[in-house]
Amino acid sequence: MSNLKARMIVDKAFRIAEVDKRIYGSFVEHLGRAVYGGIYEPGHPAADALGFRRDVMELVRELRVPIIRYPGGNFVSGYNWEDGVGPVAERPRRLELAWRTVESNEIGTNEFVRWAKEAGSDVMMAVNLGTRGIDDARNLIEYCNHPGGTYWSDLRRKHGVAEPHRIKTWCLGNEMDGPWQIGHKTAHEYGRLALETAKAMRQVDPGIELVSCGSSSTGMPTFPQWEADTLDHTYEAADFVSLHQYYGNRDNDTANFLAQSLDMDHFIHTVVSVCDYIKAKKRSKKTMLLSFDEWNVWYHSNGADSRLEPWTEAPPQLEDVYTFEDALLVGSMLLTFLRHADRVKMACLAQLVNVIAPIMTENGGRVWKQTIYYPYLHTSLYGRGVSLKPVVTSTKHDTKDFTDVPDLDSAVVFNEEEETLTIFAVNRSLNDELPLDCDVRSFEGYRLEQHIVLTHDDMKAVNTAEREEVAPKECRSSRLDNGILETRLPKASWNVIRLTKAEGK
């Protein structure tokens, strides 16, 4: 008999912070089939008049993605943005050095912004601080955001875009700490360039917000000194510092894999500590916020990518086929953001379509939802409101790399306007169901609306175009009586328990 047990006290007074909807952002890079064959495929039966796939757009809209990072990624550090504007027939084909492909530039800034607007998303634009710098950044923001009457803004108007894009959020480069990055820089080289670029961009548009490059992962040898050194330059100029992290299960140790969200939690705590140190050092009144603008599971496709021929156009790169266990870790990573809602204000699941993505397509064919689509969907739909801090007790277990891993991973969101309370819960136990008691007596008059569960007997189960093997179901094992919610979370499961205010209560 299992000795697993968990208890939770949820009180509406225990507030962490308002959840910024932008933590449910995503990322589209000019990489693999993310753009060409992903969001854009002229001639496809579902393509609109501009060549964008309506079937893909439908799933993106279903996810309610609030912001999408573009155009990279490693790609941006070698990108000349001017290649992607103006008449398509006149755009150059370029060798794309980051991923060793050929870039046609058929899609560029104006096309993507138009697509994002139709998807209901804002754009987080990245500028090239690898091969380029201040001059190109100030020109790009003038092109995008200035109304008219100047060279670059009038060029945009000449290209058929009369109104400015008014892009608010801008990344000052990408992963500049990485030796793999085109134009890789030391912390002080990057910090100085980012500061001066920020100053020039704000001269053009004072209303923008800027993201300073943080570390590419917790495993970087320069982490967290990179944050301390770069923020010494950019602290007052930037609004956010970025974090990037990917996880994998290369050793096929599922218990250890599902505990890796604890590393993400440590990453966030460490970066917050460094930010607050720099704040104290500078005697600043500003609190630095976090943009976790690349995160996901990524390892399945590494072998296939190593065998791809270079210098082809839109090859099938980074096409991870996600398993059920991947969906559980993605869920836990999302819960980590919710628990840090006071500092993590943006996050981008990398990426959106085909490339390490929740949405997959066939060229000329079908579209389908990967396993990770569902925790992303559920948190985006039901994780908007105020993140609450529950008092949690849970049995624990140890794994190869982590000790005292709680069997229960959870986050709670209260939407006061809609009068809903959502409890998100992952049972990390691979063998046993987890009894959970929740004291929700501060939510008087609430009733149990729904318990959604994602579970499967095979941790390696995947979804394909032919069959959706992993999909959410209704769970009937929960009951709410006198303010006490009692449930049993299936072994290795993702759970969404929704409470709503009863009529007239």
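Described below are features of the structure shown in this document. (Residues numbered from 1 in each chain as written. Predicted model: local features only at pLDDT ≥ 70, side-chain atom pairs only at ≥ 80, totals over all residues. Heavy atoms only, no water.)

**Quick notes on the overall build of the protein**
Reasoning step 1: A count of helices and strands for the protein gives 11 helices and 26 strands.
Reasoning step 2: Relative to the 2.2 N^0.38 estimate, which gives 23 Å for 505 residues, the radius of gyration of the protein is 23 Å and therefore close to what a compact globule would have.
Reasoning step 3: A burial count over the protein gives 62% of its 505 residues as buried.
Reasoning step 4: Sequence-distant contacts, at least 24 apart, represent 77% of the contacts inside the protein between residues at least 6 apart.
Reasoning step 5: When the accessible area of the protein is evaluated, it comes to approximately 20000 Å², of which 48% is carbon and sulfur surface.
Reasoning step 6: Charged side chains in the protein number 59 positive and 74 negative. The centres of these two groups are separated by 4 Å. (Helix = DSSP H or I, 4+ residues; strand = E, 2+ residues; numbered from the N terminus. Rg over C-alpha atoms; globule rule 2.2 N^0.38 Å. Buried < 20%, exposed > 50% of the residue type's maximum accessible area, 1.4 Å probe, protein only. Contact = heavy atoms within 4.5 Å. Areas by Shrake-Rupley, 256 points an atom, 1.4 Å probe, with all protein chains shown as cover. Lys, Arg positive; Asp, Glu negative; His and termini not counted. Charge placed at Lys NZ, Arg CZ, Asp CG, Glu CD.)

**Considerations on the pattern of salt bridges**
Reasoning step 1: Summed over the entire model, instances satisfying the criterion amount to 35 salt bridges.
Reasoning step 2: Between aspartate 251 and lysine 400 there is a salt bridge, with the nearest N and O atoms lying 3.9 Å from each other. Of the two residues, aspartate 251 sits in the loop between strand S10 (240-247) and helix H7 (254-258) while lysine 400 sits in the loop between strand S17 (396-397) and strand S18 (405-406), which places them 149 residues apart along the sequence. The exposure classification of aspartate 251 matches that of lysine 400, with both residues exposed.
Reasoning step 3: Ionic pairing is found between arginine 428 and aspartate 409, a salt bridge with its closest N-O pair at 3.4 Å. (Salt bridge = Lys/Arg side-chain N within 4 Å of Asp/Glu carboxyl O.)

**A look at the nonpolar core**
Reasoning step 1: Residues Trp115, Trp170, Trp295 and Phe337 are the most contacted members of the largest nonpolar core, which totals 133 residues.
Reasoning step 2: The dominant element in this core, judged by the number of residues it contributes, is helix H10 (residues 324-339), at 10 residues.
Reasoning step 3: Once residues lying within four places of it in the same chain are set aside, the contact partners of phenylalanine 337 are Ile23, Met264, Ile268, Phe292, Trp295, Val344 and Ala347.
Reasoning step 4: The next biggest cluster of nonpolar side chains, apart from the first, holds 22 residues, and it includes Leu4, Val386, Ala425 and Phe443. (Core = buried A, V, L, I, M, F, W, Y, C linked by side-chain atoms within 4.5 Å.)

**Considerations on the packing of aromatic side chains**
Reasoning step 1: Counted according to the given criterion, the structure contains 18 aromatic pairs.
Reasoning step 2: Between the aromatic rings of tyrosine 190 and tryptophan 226, the centroid separation amounts to 5.9 Å while the plane-to-plane angle is 25°, which identifies the pairing as stacked. Highlighted residues: tyrosine 190 in helix H5 (residues 187-204) and tryptophan 226 in helix H6 (residues 225-234), separated in sequence by 36 residues.
Reasoning step 3: Judged by relative accessible area, tyrosine 190 falls into the buried class, the value being 0%.
Reasoning step 4: For the pair tryptophan 295 and phenylalanine 337, a centre-to-centre distance of 5.3 Å together with 80° between the ring planes defines the contact as edge-to-face. You can see tryptophan 295 sitting in strand S11 (residues 289-297) and its partner phenylalanine 337 sitting in helix H10, a full 42 residues away along the chain. Residue tryptophan 295 shares its accessibility class with phenylalanine 337, and that shared class is buried.
Reasoning step 5: In this structure an aromatic cluster arises from ring pairing among Phe223, Phe267, Phe292, Trp295 and Phe337.
Reasoning step 6: Positioned above the aromatic ring of phenylalanine 27, the side-chain terminus of arginine 69 is 4.7 Å from the ring centre. (Phe/Tyr/Trp six-rings, centres within 6.5 Å; stacked < 30°, edge-to-face > 60°. Lys NZ or Arg CZ within 6 Å of the ring centre and 35° of its normal.)

**What to know about the packing of H6 against helix H8 (residues 261-281)**
Reasoning step 1: Where H6 contacts H8, the axes come no closer than 10 Å and their chain directions differ by 40°. What the angle tells us is that H6 and H8 run oblique. Along this stretch, H6 crosses H8, giving a crossing that reads as right-handed. Contacts between H6 and H8 pair Glu227, Ala228, Leu231 and Asp232 from the former with Val271, Val274, Cys275, Ile278 and Lys281 from the latter. (Axes fitted to C-alpha atoms, helices over the stretch in contact; angles between N-to-C directions. Parallel < 35°, antiparallel > 145°, perpendicular 65-115°, else oblique. Left-handed = near helix turned anticlockwise from the far one by under 90°.)

**A few points about the environment of alanine 34**
Reasoning step 1: Among the structural elements, alanine 34 can be located in the loop between strand S3 (25-27) and helix H1 (54-63).
Reasoning step 2: Each C-alpha atom, one on alanine 34 and one on leucine 318, is 9.7 Å from the other, the two residues being 284 residues apart in sequence.
Reasoning step 3: When neighbours within four sequence positions are excluded, alanine 34 is seen to be in contact with Glu29, Ile39, Gln351, Val353, Asn354 and Val355.

**Comments concerning the sheet that holds strand S8 (residues 169-172)**
Reasoning step 1: Pairing is parallel around the closed barrel formed by eight strands, whose spatial order is S3-S4-S7-S8-S9-S10-S11-S12. On average, adjacent strands in this sheet sit at an angle of 30° to one another, irrespective of strand direction.
Reasoning step 2: Bridge count for strand S9 (residues 209-212) against S10 is two bridges, and the pairing is parallel. Of the residues in S10, the one forming a bridge with valine 211 is phenylalanine 240.
Reasoning step 3: Most of the contacts of helix H3 (residues 134-145) go to S8, to which it runs at about 165°, and overall it touches strand S7 (122-127) and S8. (Pairing = 2+ DSSP bridges.)

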